[in-house]
Amino acid sequence: MKYVPEPFRIKTVEPIKMTTRKYREQAIKEAGYNTFLLRSEDVFIDLLTDSGTSAMSDAQWAALQLGDEAYAGSKNFYDLEKTVQDVFGYKYFVPTHQGRAAEHIMSKLLIKEGSCIPGNMYFTTTRLHQELAGGRFVDVIIDEAHDPSNPHPFKGNVDINKMQKLVDEVGADRIPYISYETCVNMAGGQPISIANLKELRNFCDKYGIKIMLDNTRTVENAYFIQQREKGYADKSVKDIVKEICSYTDGCTCSSKKDCLVNIGGFLAMNDEDFFVEAKAQVVIYEGLHTYGGMSGRDMAALAQGIREAVANDDYIKYRVEQTNYFGELLTQADVPHVIPHGGHAIFLDAKRFLPDIDQEQFPALALTAAIYVETGVRAMERGNVSAGRDPETGENRRPKLELVRLTMPRRVYTQSHIDYAAEGIIKLYQNRDQLRGFRFVFEPKQLRFFQARFEPV
Ligand SMILES: Cc1ncc(COP(=O)(O)O)c(C=O)c1O
């Protein structure tokens, strides 16, 4: 079995509660069978998300003590600005409290009523901000990304023919930018290749379309490029990260993932006019442009987190290979899941795991609830519930991918936690005939997956 030992030792521990099946049956019922509504203290191993769940290093905790909490001009802002410029290479930087706040500001500034925004698959908050700004999201990811069994090494890539088709249909002037995500979350954490990005750059230059990077998981993507793309084996992850960003016009970033902090985000760009407008917006929605919704100490921890993520390749190798180890255990037991394994999570394929539950009865949701009851592990539904309803027809979107995301927090769990989680899921797969579908008892209008409640059919 291929695994990489943790390149750190444990200095502080946080006890976690072990519960009985009976206890968990009651807890999930009270949560309306939605794992977002479980109390964290009722969870044994929390694989809901890698967002804001990282363990910080001793150096980050020390940095917190150096927070300059001045309202204006905090020294931590200048350090963070310089770190973002050094690591990602963009000229201008605007802090926000998390990723969706950066998406909000970018969408308000770049999208007009009737705009089309192509993207390599949707992300929930990203698409919603595009729609709220009057735009329409158009999926231009390669077809392979919608097939959970396809082993394509760069399933995050954009299909340039789909871009051409969109330009021909609506005209380039209605396409302000393409939203280009690294390690595409909803596709299973699948990377993009530099070759694809270069091709896209040429295409976009021809039509005057910006490339705005969703930079949330670029460090993980850079590791995949190092491992899989010809000509990159001898380059450091740090250099590859910078190269990715160099082909784009700017980025939004949720710092709660690759950047190893519990809260934070930013918008960055090379265009000065866009920067000036973004600074004007950040004061309205987030806070002064030298803190943008973060405290001085948060900015200090973030700057240190960014530096650690790319300091050497040991951390990122361990991080991605730990996820792969989890996937390999499931592969050996024939549990259906997305391949190749993503960087931040293993995604179970609920359509193949539970072929008898119709998508209108939310098989991925049924599986998340059952995993919790079986193991105390919390996972996330990434299927028909997350996809929401088509705003025009009102029907459930019924996405091709009906997935359960088992997401690895960074530097938090050990190999034995993974062994335990995999064993429970394998047992559940062997008893899958006993699982049933669900229906809504409460359905919020937007981002329904966060707060919806269900009952068994
Ligand atoms: C790819 C991607 N983009 C944007 C976001 C939104 O970031 P945040 O949760 O910090 O608002 C996320 C969060 O999960 C994400 O995975």
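Further up the page is the structure itself.
About the cut-offs
- Residues numbered from 1 in each chain as written.
- Predicted model: local features only at pLDDT ≥ 70, side-chain atom pairs only at ≥ 80, totals over all residues.
- Heavy atoms only, no water.
- Helix = DSSP H or I, 4+ residues; strand = E, 2+ residues; numbered from the N terminus.
- Expected span 1.5 Å × (residues − 1).
- Buried < 20%, exposed > 50% of the residue type's maximum accessible area, 1.4 Å probe, protein only.
- Arc of directions from axis to C-beta.
- Contact = heavy atoms within 4.5 Å.
- Salt bridge = Lys/Arg side-chain N within 4 Å of Asp/Glu carboxyl O.
- Pairing = 2+ DSSP bridges.
- Axes fitted to C-alpha atoms, helices over the stretch in contact; angles between N-to-C directions.
- Core = buried A, V, L, I, M, F, W, Y, C linked by side-chain atoms within 4.5 Å.
- Parallel < 35°, antiparallel > 145°, perpendicular 65-115°, else oblique.
- Left-handed = near helix turned anticlockwise from the far one by under 90°.
- Nonpolar A, V, L, I, M, F, W, Y, C, P; charged D, E, K, R; others polar.
- Near = heavy atom within 4 Å.
- Polar contact = N/O pair within 3.5 Å; in protein donor to acceptor, adjacent residues only side chain to side chain.
- Areas by Shrake-Rupley, 256 points an atom, 1.4 Å probe, with all protein chains shown as cover.

## Some details on helix α10 (residues 272–285)
- The terminal C-alpha atoms of α10, which comprises 14 residues, lie 20 Å apart, in line with the 20 Å expected from a rise of 1.5 Å per residue.
- Within α10, the full set of buried residues consists of Phe-274, Phe-275, Ala-278, Gln-281 and Val-282. Down the axis, α10 shows its buried residues gathered within 125° of arc, on one side only. Pointing more than 90 degrees away from the buried face of α10 are the exposed residues Asp-273 and Ile-284.
- Lining the buried residues of α10 we find β2 (92–96), α4 (99–110), β6 (210–214) and β8 (265–269).
- Directly beyond the C-terminal end of α10, a positive phi value near 150° is found at Gly-287.

## Points about the pattern of salt bridges
- Taken as a whole and assessed by the stated rule, the structure comprises 28 salt bridges.
- Across the pair Glu-69 and Arg-297 runs a salt bridge, and its minimum N-O distance is 3.4 Å. One end of the pair, Glu-69, is in the loop between α2 (58–64) and α3 (75–88); the other, Arg-297, is in helix α11 (residues 296–311), and 228 residues separate them in sequence.
- Ionic pairing is found between Glu-131 and Arg-397, a salt bridge with its closest N-O pair at 3.6 Å. Of the two residues, Glu-131 is situated in helix α5 (residues 124–132) and Arg-397 in the loop between α15 (384–387) and β12 (403–407); the sequence distance between them amounts to 266 residues.
- Look at the salt bridges and you will find they share partners, linking Asp-50, Arg-217, Glu-220, Asp-258, Arg-319 and Arg-410 into a network.

## Remarks on the sheet that holds strand β11 (residues 380–382)
- Ordered by their spatial adjacency, three strands build an open sheet running β9-β12-β11, and the pairing between neighbours is antiparallel. Of all strands in the sheet, those with a lone pairing partner are β9 (345–349) and β11, marking the two edges. The sheet shows a mean angle of 30° between the axes of neighbouring strands, direction not considered.
- Two elements, β11 and β12, share three bridges in a ladder whose sense is antiparallel. Opposite Glu-381, over in β12, you have Val-404 as the bridge partner.

## Some thoughts on the nonpolar core
- Counting 64 residues, the largest nonpolar core has Leu-80, Phe-88, Leu-200, Phe-266 and Ile-306 as the members making the most contacts within it.
- Among the elements that line this core, the one with the most residues is α11, at seven residues.
- What Phe-88 contacts, discounting residues up to four positions off in sequence, is Thr-83, Asn-215, Val-241, Cys-245, Phe-266 and Ile-306.
- Residues Tyr-325, Leu-365, Ala-370 and Leu-406 belong to the second largest nonpolar core, which totals 50 residues.

## Re the packing of α3 against α11
- Here α3 crosses α11 at 25°, and the two axes come no closer than 8 Å. Considered as vectors, α3 and α11 are oriented roughly parallel to each other. Every pair of crossing elements has a handedness; the one defined by α3 and α11 is left-handed. Between α3 and α11, the residues in contact are Asn-76, Phe-77, Asp-79, Leu-80, Thr-83, Val-84, Val-87 and Phe-88 and Gly-296, Arg-297, Met-299, Ala-300, Leu-302, Ala-303, Ile-306, Arg-307 and Val-310, respectively.
- Considered class by class, the residues forming the contact of α3 with α11 number 11 nonpolar, three polar and three charged.

## Looking at the site of the ligand
- Every one of the 14 residues lining the ligand counts as a neighbour, but Gly-99, Arg-100, Asp-214, Ser-254 and Lys-257 are closest to it.
- Between the ligand and Asp-214 there is a distance of 2.7 Å, counted from a nitrogen atom to a side-chain nitrogen or oxygen.
- Separating an oxygen atom of the ligand from a side-chain N or O atom of Ser-254 is a distance of 2.7 Å.
- Protein burial of the ligand: of its 390 Å² of free accessible surface, 95% is covered by the chains.
- When residues in the shell around the ligand are grouped by element, the largest group, three residues, is from α4.
- Counted by class, the shell around the ligand contains one nonpolar, six polar and seven charged residues.

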